[in-house]
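# Fold and geometry: a report
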Amino acid sequence: MTAPALTALSLALALPFGTTHRSSDAAALATVASACANATTAAASPKAELAAMVCGANVVRQNFRRAALRPKGQLDHSALLKADAIRRCGFTHTPCGASFARTFQQVGYLRGRGTIGENLAWGQSSLGSPVGTLAAWLHSPHHRANLLSRGWADVGVAYERGNLFGLGGVSLWVMQFGRR
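A quick note: this is a predicted structure, and the numbers were derived from the prediction, not measured. (Residues numbered from 1 in each chain as written. Predicted model: local features only at pLDDT ≥ 70, side-chain atom pairs only at ≥ 80, totals over all residues. Heavy atoms only, no water.)

## Considerations on the overall build of the chain
- When helices and strands are tallied, the chain shows 6 helices and 5 strands.
- In the chain, the order of α-helices and β-strands from amino to carboxyl end is β-α-α-β-α-α-β-α-α-β-β.
- Per-residue burial for the chain yields a buried fraction of 50% across its 180 residues.
- For the chain, the exposed area adds up to about 8500 Å²; of that, 57% sits on carbon and sulfur atoms. (Helix = DSSP H or I, 4+ residues; strand = E, 2+ residues; numbered from the N terminus. Buried < 20%, exposed > 50% of the residue type's maximum accessible area, 1.4 Å probe, protein only. Areas by Shrake-Rupley, 256 points an atom, 1.4 Å probe, with all protein chains shown as cover.)

Next up, the structure:
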């Protein structure tokens, strides 16, 4: 029997962000692991995984002296629409040829003025856990910028697990941010 492959890939749409103290990443992630139930597994129920990711994102933000984000149902719905499109059309911020903002608009979050962003990730095994995903985002300048931006007020998250990209046991994450 061969060991399962560990694969992870992330995409972010963000502007460059100033330097931060990366030595604090390990401490922030350790806090997530201890403070957020199911943050270190990719095998919990989808509801538990989603709760762990929102908890983890806010713990990371608090470790870097950022305000907690408010969970927003409209953004959860938008993130789920994006995750479904990614499953059908590929891992990109514009799956199926749709504009980046389309899902935000479909759910009524983006009307008139506002700012939006998102982080995408997929991984197998522990790389697809909330802590594994947050670690990958913290090590990517664009993801880090989104996760730690002071410009966001709201967050929505979608999580899907299954066969994706010809691989089994894949965790797909869509985290959307906004302020209006």
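## Here we look at helix 6 (residues 141–148)
- Of all 8 residues in helix 6, 6 are buried; the element is thus mostly enclosed.
- Taken together, the buried positions of helix 6 are occupied by His143, Arg144, Ala145, Asn146, Leu147 and Leu148.

## Some remarks on the side chain of Glu118
- Assignment of secondary structure puts Glu118 in strand 3 (residues 115–124).
- With relative accessibility at 0%, the residue Glu118 sits in the buried group.
- A polar contact of 2.8 Å, which involves the side chain of Glu118, links it to the side chain of Lys82. (Polar contact = N/O pair within 3.5 Å; in protein donor to acceptor, adjacent residues only side chain to side chain.)

## What about the packing of helix 2 (residues 46–63) against helix 5 (residues 130–138)?
- With their axes 9 Å apart at the nearest point, helix 2 and helix 5 run at an angle of 40° to one another. Classified by the angle their axes make, helix 2 and helix 5 are oblique. The way helix 2 lies across helix 5 gives a crossing that is right-handed. Residue-level contacts link Glu49, Ala52, Met53, Gly56, Ala57 and Val60 of helix 2 to Pro130, Thr133, Leu134, Trp137 and Leu138 of helix 5.
- Of the residues contributing to the contact of helix 2 with helix 5, the split by class is 8 nonpolar, 2 polar and 1 charged. (Axes fitted to C-alpha atoms, helices over the stretch in contact; angles between N-to-C directions. Parallel < 35°, antiparallel > 145°, perpendicular 65-115°, else oblique. Left-handed = near helix turned anticlockwise from the far one by under 90°. Contact = heavy atoms within 4.5 Å. Nonpolar A, V, L, I, M, F, W, Y, C, P; charged D, E, K, R; others polar.)

## Some thoughts on the state of the cysteines
- Inspection of the entire model under this criterion finds 2 disulfides.
- Between Cys89 and Cys96 runs a disulfide, and the two sulfur atoms are separated by 1.9 Å. Its S-S torsion of approximately 90° makes the covalent link between Cys89 and Cys96 right-handed.
- Exposure remark for Cys96: the relative accessible area of 42% places this residue in the partly exposed category.
- Each disulfide of the chain joins two cysteines, and with those cysteines numbered along the sequence the arrangement is 1-2, 3-4. (Disulfide = S-S within 2.5 Å.)

## Some thoughts on helix 2
- Under the 1.5 Å per step criterion, the end-to-end length of helix 2 is 25 Å for 18 residues, consistent within 8% with the ideal 26 Å.
- Residues of helix 2 that are buried include every one of Ala48, Glu49, Ala52, Met53, Val54, Gly56, Ala57, Asn58, Val59, Val60 and Arg61, and no others.
- One or two residues past the end of helix 2 sits Arg65, with phi positive at roughly 55°. (Expected span 1.5 Å × (residues − 1).)

## Re the environment of Cys55
- Among the secondary structure elements, Cys55 is positioned in helix 2.
- Put simply, Cys55 and Ala35 are 20 residues apart on the chain and 8.1 Å apart in space, counted from C-alpha to C-alpha.
- Ignoring any residue separated from it by four or fewer positions in sequence, one finds Cys55 in contact with Ala35 and Cys36.

## Points about the packing of aromatic side chains
- The tally for this structure, following the rule as stated, stands at 5 aromatic pairs.
- Each ring, one from Tyr159 and one from Trp173, has its centre 4.3 Å from the other, and the planes form 40°; the classification is tilted. Here Tyr159 is found in strand 4 (residues 154–164), whereas its partner Trp173 is found in strand 5 (residues 167–179), with 14 residues between them in sequence. For the pair Tyr159 and Trp173, one class covers both residues: buried.
- Connected via pairs of aromatic rings, a cluster forms that spans Phe91, Trp122 and Phe165.
- For the cation-ring pair, Arg144 lies above Phe64, with the distance from its terminal atom to the ring centre recorded as 5.2 Å. (Phe/Tyr/Trp six-rings, centres within 6.5 Å; stacked < 30°, edge-to-face > 60°. Lys NZ or Arg CZ within 6 Å of the ring centre and 35° of its normal.)

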